Amino acid sequence: MNLPSFLWLWKIAAWSMGFSVFAYVLLAITGGWMLYSRQKQQPRPQILRNFHYLIGGGMVCLVLILLTVGLVGTLGYYGSLGHSIHLAAGLIVVSLVLGSAGSATQINPKNPWARSLHLSLNMGLFFAFTAVSLSGWVIVQKYLP
């Protein structure tokens, strides 16, 4: 198959990646606000936690869309996977996002480990998003005239 038949897939991937990074920034802001409120022992609006969960769930969906589009597009275009480091970087992002979401559901006073795990995974996600963005940019350059 040729590239124009896959153009709609690449557009979905581009929008999903953009929204994923935007969601990550929103999550960093709302998560930072919750952490600051917790450390200063100030009350925080309940809607903040709900918004954080909603955006996090959206990011999980977006990353799974990216995974699906990447696999389908690459298999359809090349017939195989593993043509660049982008696959490994993408799988790391998916793993970190799913791990972060899983650890978020465990955060409560009975599980003190969950909050630090959640924060650590999200710090790692910053570097993984950077790696997947840079490797994705290299791939996009192959298709631009």
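Please read these numbers as outputs of a predicted model, since none were measured by experiment.

K.L.:
Can you break down the packing of aromatic side chains residue by residue, with the values?
P.N.:
Taken as a whole, this structure holds three aromatic pairs when the rule is applied. Look at Y24 and F129: their rings are 5.6 Å apart centre to centre, the planes differ by 75°, and that puts the pair in the edge-to-face class. Of the two residues, Y24 sits in helix α1 (residues 7-39) while F129 sits in helix α4 (residues 112-143), which places them 105 residues apart along the sequence. F129 shares its class with Y24; the two are buried.

K.L.:
I'd like a description of a nonpolar patch on the surface, backed by residues and values.
P.N.:
On the surface, a cluster of nonpolar side chains totalling about 300 Å² of accessible area is made up of L75, L81, L87 and L91. Along the chain, L87 falls in helix α3 (residues 86-104). Relative accessible area serves as the criterion here: at 30%, L87 is assigned to the partly exposed category.

K.L.:
Outline the environment of N122, supporting the account with residue identities and numerical values.
P.N.:
Here N122 lies in helix α4. As for N122 and V132, which are separated by 10 residues in sequence, their C-alpha atoms are 15 Å apart. Residues in contact with N122, not counting those within four places in the same chain, are Y24 and S100.

K.L.:
Got a sec to walk through the packing of α1 against helix α2 (residues 46-78)? Specific residues and values, please.
P.N.:
The N-to-C vectors of α1 and α2 enclose an angle of 155°; their axes lie 8 Å apart at closest approach. Judged by the inter-axis angle, α1 sits roughly antiparallel to α2. Crossing hand, α1 versus α2: left-handed. Each residue belonging to the contact of α1 with α2 can be placed in one class, and the counts come to 22 nonpolar, eight polar and one charged.

K.L.:
Please provide a residue-by-residue account of the environment of Y78, values included.
P.N.:
On the secondary structure map, Y78 appears in helix α2. Residue class for Y78 comes out partly exposed when judged on its relative accessible area of 36%. For the pair Y78 and Q41, spaced 37 residues apart in sequence, the C-alpha separation works out to 54 Å.

K.L.:
How would you explain the nonpolar core if you had to name every residue and give the values?
P.N.:
Of all hydrophobic cores here, the largest spans 18 residues; its most connected members are M59, V63, V93, V97, L125, F129 and V132. At the level of secondary structure, the elements contributing two or more residues to this core comprise α1, α2, α3 and α4. Not counting residues within four places of it along the chain, the set of residues in contact with V97 comprises M59, V60, V63 and L125.

Conventions adopted
Residues numbered from 1 in each chain as written. Predicted model: local features only at pLDDT ≥ 70, side-chain atom pairs only at ≥ 80, totals over all residues. Heavy atoms only, no water. Phe/Tyr/Trp six-rings, centres within 6.5 Å; stacked < 30°, edge-to-face > 60°. Helix = DSSP H or I, 4+ residues; strand = E, 2+ residues; numbered from the N terminus. Buried < 20%, exposed > 50% of the residue type's maximum accessible area, 1.4 Å probe, protein only. Patch = residues over 30% accessible without salt bridge, like charges linked within 9 Å, V, L, I, M, F, W, Y side chains within 5 Å. Areas by Shrake-Rupley, 256 points an atom, 1.4 Å probe, with all protein chains shown as cover. Salt bridge = Lys/Arg side-chain N within 4 Å of Asp/Glu carboxyl O. Contact = heavy atoms within 4.5 Å. Axes fitted to C-alpha atoms, helices over the stretch in contact; angles between N-to-C directions. Parallel < 35°, antiparallel > 145°, perpendicular 65-115°, else oblique. Left-handed = near helix turned anticlockwise from the far one by under 90°. Nonpolar A, V, L, I, M, F, W, Y, C, P; charged D, E, K, R; others polar. Core = buried A, V, L, I, M, F, W, Y, C linked by side-chain atoms within 4.5 Å.

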